[in-house]
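# Geometric and topological summary
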Amino acid sequence: MNKEIVILGAGIAGLSAAYHLKEAGIPNIVAEKENTYGGLCNSFEIRGFMFDTFAHISFDNEETTYHMLEGNVPHWTHESEAVNFNQGSWIKNPVQNNLSGLPVEERIRIIKGFIERTPDRNIENYGDWLRAMFGDYFAEKFPYKYTRKYWTVDPEQLESNWIKGRMYTPALEEVLRGAMEEDTRSVHYSKEARYPVRGGFKSFLDPLVKNADIRYCMDILEIDPRHKVIRFGNGEEWEYDKLISTIPLPELCHIINTAPESIRKTADRLDYTSGVMVSIGLARPCVSPALWFYIYDEEILPARVYAPDIKSSNNVPHGCSALQAEIYYSRYKKMPDDLEQLKEDVIHQMFKLNLFKEEDIVVSDVRMKQYANIMFTPEIYDARDAVHQYLKSVDIEYAGRWGEWDYLWVGQSFRSGRDAAERCIKQSF
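The paragraphs below set out a description of the structure included in this document. On a predicted model such as this, the values are computed, not experimentally measured, just so you know.

On to the packing of aromatic side chains. Considering all chains together, one arrives at 30 aromatic pairs under this definition. Measuring from ring centre to ring centre gives 5.1 Å for Phe59 and Trp409, while their planes differ by 75°; the resulting arrangement is edge-to-face. Taken together, the residues Phe59 in the loop between strand E4 (49–52) and helix H2 (63–68) and Trp409 in the loop between helix H14 (400–404) and helix H15 (410–428) connect sequence positions 350 residues apart. For Phe59, a relative accessible area of 19% gives the class buried. Above the ring of Tyr306, the side-chain terminus of Lys311 is found at 4.1 Å from the ring centroid. In this structure, Arg367 packs its charged tip against the face of Phe44, placed 3.7 Å from the ring centre.

Now for unusual backbone geometry. Look at the link from Asn93 to Pro94: it is a cis peptide, with omega at -5°. Inspection of the secondary structure puts Pro94 in the loop between strand E7 (89–92) and helix H3 (104–116). One non-glycine residue, Thr152, lies in the positive phi region at around 70°. Checked against the element boundaries, Thr152 lands in the loop between helix H6 (143–150) and helix H7 (172–180). Unlike most non-glycine residues, Trp405 shows phi in positive territory, near 55°. Here Trp405 is to be found in the loop between H14 and H15.

Our focus in this paragraph is the side chain of Thr246. Among the structural elements, Thr246 can be located in the loop between strand E12 (237–245) and helix H9 (249–255). Within polar-contact distance, the side chain of Thr246 engages the backbone oxygen of Leu8 at 2.6 Å. Those residues in contact with Thr246 that lie beyond four places of it in its chain are Leu8, Gly9, Ala13, Gly14, Ala399, Trp402 and Gly403.

For helix H1 (residues 12–23), spanning 12 residues, the distance from its first C-alpha to its last is 16 Å, which sits close to the expected 16 Å at 1.5 Å a residue. Of all 12 residues in H1, nine are buried, a share of seventy percent or more. Count one or two residues on from H1 and you reach Gly25, which has phi positive near 80°.

Cut-offs applied
- Going along each chain's sequence as written, the residues are numbered from 1 onward.
- With the structure being a predicted model, the display of local features is reserved for residues of pLDDT at least 70 and the display and counting of side-chain atom pairs for 80 or more, all residues being used for whole-chain, interface and lining totals.
- Side-chain measures here rest on the full set of heavy atoms in the structure, leaving out hydrogens and waters.
- Centres within 6.5 Å make a pair out of two Phe, Tyr or Trp rings, where for Trp the six-membered ring is used; the pair is then stacked when the planes are under 30 degrees apart, edge-to-face when over 60, and tilted otherwise.
- Strands are runs of DSSP state E lasting at least two residues, helices are runs of H or I lasting at least four, and both sets are numbered from the N terminus onward.
- When a residue's accessible area, from a 1.4 Å probe over protein chains only, is under 20% of the maximum for its type it is buried; when over 50% it is exposed; and in between it is partly exposed.
- When the NZ atom of lysine or the CZ atom of arginine is within 6 Å of a ring's centre and also within 35 degrees of its normal, the charge is said to sit over that ring.
- Polar contact is defined as a pair of N or O atoms within 3.5 Å, subject to the rule that within protein one atom must be able to donate a hydrogen and the other to accept it, and that residues adjacent in sequence are counted only when both atoms are side-chain atoms.
- Whether two residues touch is decided by their heavy atoms; if any such pair falls within 4.5 Å, the residues are in contact.
- In this analysis, the expected span of each helix is defined as 1.5 Å times one less than the number of residues it contains.

Given below as structure tokens:
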């Protein structure tokens, strides 16, 4: 293959980089190890039921991002509504603003803890932050439980800088009002949730894929940055002028043949969650109370569940509905070997939510993604900076959630790929 810019990974960041390079007249090629594009934005169909790879909506309002994604794809716009399941009760999201759904004694203890909290306490970890913002009782009853399910660790094992802007911290008046009234204002970080009319969330990527040169099933064996060569499992060797990687940093460092052992060990310190999706198609309509919901009961494995049929009625056959449950694992919480058994366990646990019965199930599916989200364990910043500095030293650009190793949403990943392309463009002229 002739030398050109090579992009590793056909997720949204990689596709964005490819699109912006092509717009600038710079040839490029994308190498993707799977047999389709999308990465975590992929969608898949099972007997007429369309599911996404974990729950996805778009809410980015940056003008260029909106124009490129939603602006080119017919879509629905929903309110960003969610609810919570806790000990048999449904509570409006977020719980801290909607205590009216809880028993009176529970509300009293939460409010008392909120009043007695110490917001100016020394914050050394995420657990400290939760206690400072909400008080001990609420922290332990709700976000502590959810952290163990979604992040697979206790809050004290995470640092706290990542949470800013992602979890609402109410004033006392809001807590009191939400304890007395059901009709509270929405405080979700996104005011609306946008979703394609057809084709699942993946359809938002169609404008980026239209003219992209993507080679699928390209498993990378080795990157040789000295000679600027990539060697693949199928025997192909590609030479490149510039390389943009969106693949996970630990994997990238282990396939660069010049990477020192110290850098590989540093990359291995970067923590992440793996996710299992249990997707269920149901022969009855409207089973979910909201677009998505969170489950706080720790004996019920899923942390979060979303409803494909509410996102778009075209995601299910007429008269049907669907749910997808998410269960998370990591090096701190090992995944079961038998995913089929896990699927059956999850389905039977979800009967406790009284949303559907076993005879309603038309299709069920289980699949796993090794890389679901990055974890903000205390090692992240030093380890990430060291790896990024090494990549710069061997002239490898990085982008996206896994390249930047940051908790990037869809729009942020799109811009990350664009920024990587612009850096290459500047170096080309």
